[in-house]
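Now for the letters of each chain:
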Amino acid sequence: MRRGTTQPFDITEIGSRTGIAGHGTEILATASEGVSLDAETAREVIGTRFLADPNFEVSVDGKLVTFDDVPTGSIQKAVVEVPSFGTVHITMIDSQKVDRTTRQHGIAWWVRSRLVGTPGWVGFDHERILDGRTSGAKRFQFIVSADLLLDAVRPDWSGFATDHPAWVATQPLVHAKIREYLSNFSDERRREAKASIRETHLRTTRRLSPVGRARWNQFVDEVIDACPSISTAEVGKVAGILANLELTTSKYGLVSKLYDLPPGDLDALYHLLDDWTLRLAKDALDEIQTRLKLIDDLDKKLRDESADEVEDLQPLFERSLWVFGPEFESLEFTSNRGMTTVIHEIFGVDTKGSRQRPDFVMLPDGSVGLYSRDAHDLGHDVDGVARLVIAEIKKPSVTIGGDQKGQAWRYVKELIERGLITDATTTTCYVLGSKIHAAERGNRTEWDNRVSIIPMTYDTFVRRAEKRMLGLRDKLKDAPFLKDRGLDADAFLEPPQPNTEDLFEIAP
């Protein structure tokens, strides 16, 4: 006999013989190498599982396995007095280890040292003493010696006559004694579980307030008492989560949100956490949320034909340079205050309110912002401007034509004359408006193609932004952060810090 590959054992019959007294199965080991189990230990293990049927005898090395082989700490005995009928003896055996099934466990009824029925946790009247799924059902065995029930045994010894007076009097008393033993065991197990959980999370609970610590202890007590089938490890995990929640600012708000989730969403969250950490997922979703809210605000404001003020659009465009192309994703693109100052020194005059936003220039028909990325020399020091983006936003009522494109080129020429950009600088000017003159839809290039002037409608800009976001705006249109929103971009855009520089408006 060997361990099998497709079945538990591969058995090959090598011979047979007759004329041997008795019956049963004899197992012999032809070699003892690698065997760590001695005969005494084998008898202990067998004794805790195979004594329920007195007709099933097991011998190890010629010595019969009896109750005496069961370790002292694994066996207890009790006596139950049944008024008017006599005495019942109960032997309680704890295998000390949870087996995979309830086989060889449960309640075995003996009458005159003979097994009645089949051992198990369901009584002859179909009353369930213990749930077979629990660990106790796969660990304990109760042998009930009740000779007083001889007259109550059915003729085939499959059970007892449920209406016999002796059985009616005996069964509830025996079951009560067994339940008492299981309860005492469970009480001890619960005390150990509570102590283990508190010791595991001691470092965290020490940081809790007295009220929070009391609430946490109450949770541990109530869950272990009310749900004995839940393992200590599982309760410990939940208790650890709640201890951490007590330390958070949101407290149990997360539990409330989890409670409201349907089963499908809980499964989705489980699978999400298989692939993402919460912090990483939040960083990614925050970036998506910020961009989608940005697109939503731009779309609503740019489509408002009655809007006359565009000063609140320029900050939005500063955060949306990524729409123009992947090269503008770089965080190195920042508002160039020096160039802005040159523009207003040449063209502008002081106006009321211009001091609040020195990072762009207000125009009579819109606004203009200048955003640049530094160039570096071989020593990695800043050496001028490598890339310049000029975003000029026209009011919805203005049609983009040759004059508007020419105005962007005038800005660039002034910057060239001042030495702020050189022939090593690549400059792109975007002139955005609600309409473009039919004859001016093409791009314009200047200074040997170093300067590109690109007219673009608001609608094209928004659709390009949606494409860059893989169409998520439409897919997530029911997301809470996009539903019933106002148009206040300051709710998610961090305004720049005010300084003492002035902002000038270009005179007509």
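Quick summary incoming for the structure in this document. (Residues numbered from 1 in each chain as written. Predicted model: local features only at pLDDT ≥ 70, side-chain atom pairs only at ≥ 80, totals over all residues. Heavy atoms only, no water.)

### Description of the sheet that holds strand β7 (residues 106–111)
Stage number 1. Across the sheet, which stays open at both edges, the 5 strands sit in the order β5-β6-β9-β7-β8 with mixed pairing between neighbours. Whereas interior strands pair on both sides, the edge strands pair on one side only; in this sheet they are β5 (75–82) and β8 (114–120). For this sheet, the mean angle separating the axes of adjacent strands, direction not counted, is 20 degrees.
Stage number 2. When β7 meets strand β9 (residues 140–145), the two strands line up parallel, connected through 5 bridges. Across the sheet, residue Ile107 finds its bridge partner in β9, namely Phe142.
Stage number 3. The sheet strands contacting helix α2 (residues 165–200) are β5, β6 (86–94), β7 and β9, and the helix crosses β5 at an angle near 145 degrees. (Pairing = 2+ DSSP bridges. Helix = DSSP H or I, 4+ residues; strand = E, 2+ residues; numbered from the N terminus. Axes fitted to C-alpha atoms, helices over the stretch in contact; angles between N-to-C directions. Contact = heavy atoms within 4.5 Å.)

### A short note on the side chain of Thr457
Stage number 1. If you trace the backbone, Thr457 turns up in strand β19 (residues 451–457).
Stage number 2. Reaching out from Thr457, the side chain makes a polar contact with the side chain of Thr460 at a distance of 2.8 Å. (Polar contact = N/O pair within 3.5 Å; in protein donor to acceptor, adjacent residues only side chain to side chain.)

### Describing the packing of aromatic side chains
Stage number 1. One pass over the full model with this rule turns up 12 aromatic pairs.
Stage number 2. The interplanar angle of 85 degrees and the centroid separation of 6.4 Å between the aromatic rings of Phe324 and Phe328 together place this pair among those described as edge-to-face. By the burial criterion, Phe324 is buried, and Phe328 matches it.
Stage number 3. The structure contains a cluster of three or more aromatic residues connected by ring pairs, namely Trp121, Phe140, Phe142 and Tyr181.
Stage number 4. Over the aromatic face of Trp157 sits the side chain of Arg114, whose NZ or CZ is 4.2 Å from the ring centroid. (Phe/Tyr/Trp six-rings, centres within 6.5 Å; stacked < 30°, edge-to-face > 60°. Buried < 20%, exposed > 50% of the residue type's maximum accessible area, 1.4 Å probe, protein only. Lys NZ or Arg CZ within 6 Å of the ring centre and 35° of its normal.)

Interpretation note: all reported values are geometric properties and have no functional meaning in isolation.
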